[in-house]
Structures are given as C-alpha cells and as structure tokens.
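Coordinate inspection notes
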Amino acid sequence: MNLLTNPVLDLFHETGAYLRGHFRLTSGLHSPEYLQCALVLQHPRHAEQLGSLLASALRSLVPGLEAKTVVSPALGGVVIGHEVARALGARAIFTERDPAGKMILRRGFSVEPAESVVVVEDVVTTGGSTREVVECLLAAGARVLAAGSIIDRSGGHAEVGAPRVSLVTLTVVTYPPDHCPLCEQGVPVAKPGSRPAPVA
Ligand code: ZN
C-alpha cells in the first residue's frame, strides 16, 4: 500500500498502528501488512483529530449536511463515531449483533422516522458492516445521508447503500492462503484484532 505523505497515515506510523508481518484477514486472504485503527484511536487527541477530519470529509461529500445522529457498528466504529458526532454536533449511538447475527440497535437506542443520520466505521473492507447498519436504519425509517470511514481497504469499490467517503483509500496487498509467499517461508500467520500482532 502507498503510505507516503498522508497525514492520516503518518498518525498510524507514529502510534505503531501500521503493522507489518503476516496476517490472516477476515476475508481469509493473507497480507504482509495491517492497519490497526484501535492503536491510533487509543489516543483521544488523535481520535478527536480523525473525527474532525472525517466530519469535514462528510460535509464535503454532502453539502449542507445536517446529521442529528451518527450511528456506528460496535466495537470498531464506536470511538470514531463518537468523535465524528462531536465534530458534527450530533449524538452518537451504535449497533450490535443479536444472537442470530443481525445488526440491531440495543440499550434503548432508537432513531425517529425521517431522522437524519450518518454511518461511521473505522475500516471498510467489503462494506458489509456499514451496509448492514444502513439497512437497519432504513428499516427504522431514518434518512441515511452518508457513510464514512477512516480507512477504505476496498480500493474505493465497496458499496454500502449510501454516499460514502474515507480519509484514506488503499488497495491492500493480499495473497490467497495457498499461494502466499509468507506461508511458503514458514512465517507464522496472525489474525489481527484477536491476538497481539507482530510489529516489525
Ligand atoms: Zn500466508
């Protein structure tokens, strides 16, 4: 991926959130690199800055944007959703999966019919989680104005059912597990997010 001269990616480098090693992505593909947003967002100062940048990007995407609520999928989207809401002067709520795996609002969270909302996530890979949140909100009668993420790992291709913007768009280097040069070298593979990941 191209990690040159981007202030957002500089933050990932500074905080050790740009991991190099051998990773099994959620898609099942292997990759020599991984961006761990939680390691940037653990610093409230950086989280606030990224939230402000993403709020600006959403306003550029939808001129006159007036969102009453920011909705994020838990857990990954909660911190950045909160900070985007701070910058937009909106409230921040989040969805969770019910035991059947369906994305729903819990904890007494709700949206009004025709309420203006934006959906915010940390990373979009296939766009699946964001799309599920969009569908949950549309089913509740909300108006979904836009969606945003810090990182887009889809190379810009993910479709989420709403206009979408990201601070950084990447095409991640990936290998099928049966044609992975790192596997061929016998490098142990880690699943980022579930275990401590090796950092070069
Ligand atoms: Zn591999």
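Scroll up for the structure.
The rules behind these values
- Residues numbered from 1 in each chain as written.
- Predicted model: local features only at pLDDT ≥ 70, side-chain atom pairs only at ≥ 80, totals over all residues.
- Heavy atoms only, no water.
- Phe/Tyr/Trp six-rings, centres within 6.5 Å; stacked < 30°, edge-to-face > 60°.
- Helix = DSSP H or I, 4+ residues; strand = E, 2+ residues; numbered from the N terminus.
- Buried < 20%, exposed > 50% of the residue type's maximum accessible area, 1.4 Å probe, protein only.
- Expected span 1.5 Å × (residues − 1).
- Core = buried A, V, L, I, M, F, W, Y, C linked by side-chain atoms within 4.5 Å.
- Contact = heavy atoms within 4.5 Å.
- Pairing = 2+ DSSP bridges.
- Axes fitted to C-alpha atoms, helices over the stretch in contact; angles between N-to-C directions.
- Donors = N, O, S within 2.8 Å, 3.2 Å for Na, K, Ca; no water.
- Tetrahedral: all angles 85-135°; square planar, octahedral: opposite > 155°, others 65-115°.
- Salt bridge = Lys/Arg side-chain N within 4 Å of Asp/Glu carboxyl O.

Before going further, it helps to examine the packing of aromatic side chains. Across all of its chains, the model carries two aromatic pairs by this definition. A ring pair is formed by F23 and Y34, whose centres lie 6.0 Å apart and whose planes are at 45°; its orientation type is tilted. Of this pair, F23 sits in strand β1 (residues 18-24) while Y34 sits in strand β2 (residues 30-35), and the two are 11 residues apart along the sequence. Neither residue differs from the other here; F23 and Y34 are each classed as buried. Considering the side-chain rings of F94 and F109, the 5.1 Å spacing of their centres and the 80° angle between planes classify their relative orientation as edge-to-face. Of this pair, F94 sits in strand β4 (residues 91-97) while F109 is found in the loop between β5 (103-105) and β6 (116-124), placing the two residues 15 residues apart along the sequence. Residue F109 is classed as partly exposed on the basis of its relative accessible area of 24%.

Here we take up helix α3 (residues 44-61). Along an α-helix, a turn takes 3.6 residues, which lines up residues three or four apart on a common side. Here α3 is 18 residues long and its end C-alpha atoms lie 25 Å apart, about the 26 Å a rise of 1.5 Å per residue gives. Considered for burial, the residues of α3 that qualify are H46, A47, L50, G51, L54, A55, A57 and L58.

The next thing to look at is the nonpolar core. The biggest cluster of nonpolar side chains holds 37 residues, and the ones touching the most others in it are F12 and I150. Secondary structure elements with two or more residues in this core: α1 (7-14), α2 (37-41), α3, α4 (78-88), β6, β7 (143-152) and β8 (164-169). Top element by residues in this core is α3. It accounts for six residues. Once residues within four sequence positions are removed from consideration, F12 is found in contact with A17, Y18, L35, Q36, C37, V40, I150 and I151. Core analysis: the second largest hydrophobic core is formed by 14 residues, V71, V111, V117 and V119 among them.

Next up on the list: α4. I80, G81, E83, V84, A85 and L88 are the residues of α4 that are buried. Here the buried face of α4 lies against α2, α3, β3 (69-73), β4, β6 and β7. Looking one or two places after α4, you find G89, whose phi comes out positive at around 70°.

Time to look at the sheet that holds β4. Judged by pairing direction, the sheet is mixed, and its six strands sit side by side in the order β5-β4-β3-β6-β7-β8 without closing on themselves. In this open sheet, the two strands that pair with only one neighbour each are β5 and β8. Between one strand axis and the next, the sheet turns by 25° as a mean value, whatever way the strands run. Summarising the sheet, β3 and β4 pair through five bridges and their orientation is parallel. The residue of β4 that forms the bridge with P73 is T95. On top of the sheet, helix α5 (residues 128-139) reaches β3, β4, β5, β6 and β7; it is set at about 165° to β6, its chief contact.

Below, the discussion takes up the coordination of the zinc ion. Taken together, H22 (NE2), H30 (ND1), C180 (SG) and C183 (SG) make up the full set of protein donors to the zinc ion, lying 2.0 to 2.4 Å away. What the four donor atoms of the zinc ion show is an angle range of 95 to 125° at the metal, which sorts the shape as tetrahedral. All donors of the zinc ion come from a single chain, and their spacing in sequence reads H-x7-H-x149-C-x2-C. Taken as a pair, H22 in strand β1 and C183 in helix α6 (residues 181-184) lie far apart in primary sequence, 161 residues in all.

Under the defined criterion, the tally for this structure stands at six salt bridges. A salt bridge links E83 to R86; the nearest nitrogen and oxygen atoms lie 2.8 Å apart. Of the two residues, E83 and R86 both sit in helix α4, three residues apart, roughly one turn of that helix. Judged by relative accessible area, which is 48%, R86 ranks as partly exposed. Between R97 and E132 there is a salt bridge whose closest N-O contact spans 2.7 Å. In this pair, R97 is assigned in strand β4 and E132 in helix α5, connecting sequence segments 35 residues apart.

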